[in-house]
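# Architecture and fold: a report
Given next are the chains, with one letter for each unit.
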Amino acid sequence: MSEMVCPNGFILAVEGLAKICIPDPDLYRRENGSYEPSWAPVFYNPRMVGNRDICVAFLKKELLESSGEAAILDPLAATGVRGIRIALEADIQKGSTTIYMGDISPDAVEVMKHNIKLNDVEGNIAVVHADANELIYQLARRSGIALGYIDIDPFGSPAPFIHAALGGVKRYGVVAVTATDLAVLEGRYRSKLFRRYGVAGVKAVQSKDIALRTLLSFVMRVAAIYDRYIEPILSYAVNHYVRIYIRVYRGGSKASETLHNCLGSIWCCTRCGYYIQQGDSSVDNVGCPVCGGRLERIHPVWICPIANREYLEKLIEVASEMPWLQKSSRALLESLYRTSAVNELTIRLTHIARAIKISTPPINTVISCLLQKGFIAVRSYTYSDGIITNAPINDVVECMKV
């Protein structure tokens, strides 16, 4: 079947409601049997289906509530699977909203065009062979197209595309950003973290949580250059990547205010995970109250909420009406809603337990104890041994010892 509908060297895959010709992975495996999507002539990563699931649900909600015309842009489209799924699954009527897809690879452009015909969505999608940044500038500035949504999903760091995206999206538009250089954002490579994102830091016990706030900090600082500021709608770290959805507003004074209020420091103990999240005030030479270790500073990071709780609740409702989405994608949205109840990082119980020399207690027992004390406490979705709570560390330790 796939040989009849796909070009030579490609096989047919089904994702969501789309049929997509993707590179045959068997043709690009190493001698040891390993395969990475970047080895193929056109990039397609099956591990990112959940990323695209949430994207199409998000855009379905946006389009249901939108007023006025606004285009959608995927400037790093590869096989075109994201844009095609948006056209098929986000309730876009033919001719009502244009989805622009581009790629610098001529092979990708040809496969994209083939996949568009395969799914009969030619009326909604325009394909351009261009560099991602050039395409954004071309559409937004030369052509005057109102880009209501721009999706930046590169292989590796999104940093080279953020200036163009924030400059090209329309007022109140949304930019979604994926970063797969998670090891850098987590602080594993300190010099590269500072060089690429302008953040000085270390790898913390809850490094995935901090990676999100590092990326948001970078994006906000770039936005401020253009007298713009951001509101995080949805942010998460899962598997090998982090993903943020931000609404972009205009106003120099408000940009300055956001920089002042929402960028600060996280002081963390790299031994047990105790942390302080705050503005610029110094806590130098203050020891960790749990294990006595030294607190390390990560700065500047985003310290305001990383999600809009009300928006998430409505997004879950939209996703529930899309039964073809993966169960794991809907479950992730529900986890994000629960953890958005409090603007805190994960406390990892195994690390705290090791520091205070006790066995790690059941997570549900600790959560129940904290709830009885009147605090908010939920399971972390980023770490299986973690909780997110607004309780002081002394109350967490007390509940762990019960």
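The following paragraphs examine the structure supplied in this document.

Scoring rules and cut-offs
- Residues numbered from 1 in each chain as written.
- Predicted model: local features only at pLDDT ≥ 70, side-chain atom pairs only at ≥ 80, totals over all residues.
- Heavy atoms only, no water.
- Pairing = 2+ DSSP bridges.
- Helix = DSSP H or I, 4+ residues; strand = E, 2+ residues; numbered from the N terminus.
- Disulfide = S-S within 2.5 Å.
- Buried < 20%, exposed > 50% of the residue type's maximum accessible area, 1.4 Å probe, protein only.
- Phe/Tyr/Trp six-rings, centres within 6.5 Å; stacked < 30°, edge-to-face > 60°.
- Lys NZ or Arg CZ within 6 Å of the ring centre and 35° of its normal.
- Axes fitted to C-alpha atoms, helices over the stretch in contact; angles between N-to-C directions.
- Contact = heavy atoms within 4.5 Å.
- Expected span 1.5 Å × (residues − 1).
- Arc of directions from axis to C-beta.
- Polar contact = N/O pair within 3.5 Å; in protein donor to acceptor, adjacent residues only side chain to side chain.

## Considerations on the sheet that holds strand E13 (residues 347–348)
On the basis of which strands lie adjacent, the open sheet formed by three strands has the order E13-E15-E14 and antiparallel pairing. The sheet is open, and its two borders are formed by E13 and strand E14 (377–379), each paired with just one other strand. Where E14 lies against strand E15 (residues 386–389), three bridges are found, and the strand directions are antiparallel. Within E15, the position partnered with arginine 379 by the bridge is isoleucine 387.

## Observations regarding the state of the cysteines
Applying the stated rule across the entire model yields three disulfides. Disulfide partner of cysteine 262: cysteine 304, at an S-S distance of 2.1 Å. When the S-S torsion is -85°, as for the bridge of cysteine 262 with cysteine 304, the disulfide is left-handed. Here cysteine 262 is found in helix H10 (residues 252–262), whereas its partner cysteine 304 is found in the loop between strand E12 (295–302) and helix H11 (309–320), with 42 residues between them in sequence. Among the residues examined, cysteine 262 registers a relative accessible area of 9% and is labelled buried. A sulfur-sulfur distance of 2.1 Å marks the disulfide that ties cysteine 369 to cysteine 399. Across the S-S bond of cysteine 369 and cysteine 399 the torsion is about -70°, and the bridge reads as left-handed.

## Here's the deal with the packing of aromatic side chains
Within this structure, the stated rule accounts for eight aromatic pairs. Ring plane angle 50° and centroid distance 5.6 Å describe the contact between phenylalanine 43 and phenylalanine 155, whose orientation is recorded as tilted. On the criterion of sequence distance, the pair formed by phenylalanine 43 in the loop between strand E2 (18–23) and helix H2 (49–65) and phenylalanine 155 in the loop between strand E6 (147–152) and helix H6 (159–168) is long-range, its members being 112 residues apart. With relative accessibility at 30%, the residue phenylalanine 43 sits in the partly exposed group. Overall, the relative accessible area of 61% leaves phenylalanine 155 in the exposed class. Aromatic rings pair up to connect Phe58, Tyr149, Tyr245 and Tyr311 into one cluster. Here the basic side chain of arginine 30 rests over the ring of tryptophan 39, its NZ or CZ set 3.6 Å away from the ring centre. The cationic tip of arginine 309 hangs over the ring face of tyrosine 337; the distance from NZ or CZ to the ring centre is 3.9 Å.

## Focus on the sheet that holds strand E9 (residues 241–250)
Spatial ordering of the open sheet is given by E5-E4-E3-E6-E7-E9-E8, a layout of seven strands whose pairing is mixed. Single-partner strands in this sheet number two, and they are strand E5 (125–129) and strand E8 (228–238). Taking the axes of each pair of neighbouring strands and ignoring which way they run, one obtains an average angle of 15° across the sheet. The strands touched by helix H9 (residues 207–225) are strand E7 (169–179), E8 and E9; relative to E8, the strand with the most contacts, the crossing angle is about 160°.

## Overview of helix H4 (residues 106–118)
The end-to-end C-alpha separation of H4 is 19 Å, in line with the 18 Å expected for 13 residues at 1.5 Å each. Ala108, Val109, Val111, Met112, Asn115 and Ile116 are the residues of H4 that are buried. Buried residues in H4, looked at end-on, bunch into an arc of 165°, giving them a common side. H4 presents Glu110 and Lys117 as exposed residues on the side facing more than 90 degrees away from its buried surface. Buried residues along H4 sit against strand E1 (10–15), E2, helix H3 (81–89), strand E4 (99–103) and E5. The opening residue of H4 is serine 105, an N-cap whose side-chain oxygen sits 3.3 Å from the backbone nitrogen of aspartate 107. A positive phi of about 55° marks aspartate 120, the residue just after H4.

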